[in-house]
Amino acid sequence: MSEAQETIFTKIINREIPAEVLYEDELALAFKDINPQAPVHFLVIPKKIIPTINDIAEEDREIVGHLYRVAAKVAQDLGVAADGYRAVMNCNEHGGQTVYHIHLHVLGGKPMGWPPYTEKLKV
Ligand code: 5GP
């Protein structure tokens, strides 16, 4: 299990640095990605620090499931739910993870193409 260390996302949760927050509740926060890879690109994070997918514990089932419900709600609010979107979570170096606090990338507003793992679509 990785160390549960604070990252830039903890600072966003604590409002120590600004972000365009789209949704918040007791378990999760959704905010726009600072470097969008699609017309709509936001992140959904748990308030609990879980560094990577590998660190998701049995007790986190509700939290992780909730991230998807928040993703769908915000996608609906932003008008991309019906056309669809991609929801992905990167894990560790080979997955392209750069911030070690799990986050669902939600990308939409255009066809996202396939496969998702090309350089062009690196998310
Ligand atoms: P990862 O590469 O870990 O899957 O994704 C990290 C994401 O966080 C990247 O898409 C990056 O643009 C975004 N990000 C990194 N720092 C910040 C920040 O300070 N504010 C916001 N809004 N997004 C950030």
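Located above this text is the structure these notes cover.
All figures in this text were calculated on a predicted structure; none of them were measured in a lab.

The rules behind the values
- Residues numbered from 1 in each chain as written.
- Predicted model: local features only at pLDDT ≥ 70, side-chain atom pairs only at ≥ 80, totals over all residues.
- Heavy atoms only, no water.
- Phe/Tyr/Trp six-rings, centres within 6.5 Å; stacked < 30°, edge-to-face > 60°.
- Helix = DSSP H or I, 4+ residues; strand = E, 2+ residues; numbered from the N terminus.
- Buried < 20%, exposed > 50% of the residue type's maximum accessible area, 1.4 Å probe, protein only.
- Pairing = 2+ DSSP bridges.

1. Description of the packing of aromatic side chains
If you walk through the whole model with that rule in mind, you get 1 aromatic pair. Arranged with centres 5.4 Å apart and planes meeting at 75 degrees, the rings of Phe9 and Phe31 form a pair that is edge-to-face. Of this pair, Phe9 sits in helix H1 (residues 8-13) while Phe31 sits in strand E2 (residues 28-32), placing them 22 residues apart in sequence. Summarising the burial analysis for this pair, Phe9 and Phe31 share the class buried.

2. As for the pairing of strand E3 (residues 40-46)
Burial runs high along E3: 7 of the 7 residues are buried. Neither face of E3 is exposed, since Val40, Phe42, Val44 and Pro46 on one face and His41, Leu43 and Ile45 on the opposite face are all buried. Here E2 pairs with E3 via 5 bridges, running antiparallel. Among the inter-strand pairings, Phe31 is bridged to a residue of E3, identified as Leu43.

3. Digging into unusual backbone geometry
With phi around 60 degrees, Arg15 is a residue other than glycine that occupies positive phi space. Note on placement: Arg15 falls in the loop between H1 and strand E1 (21-24). Phi angles above zero are rare outside glycine, and Asn92 is one such case at about 60 degrees. Structurally, Asn92 can be placed in helix H3 (residues 92-95).

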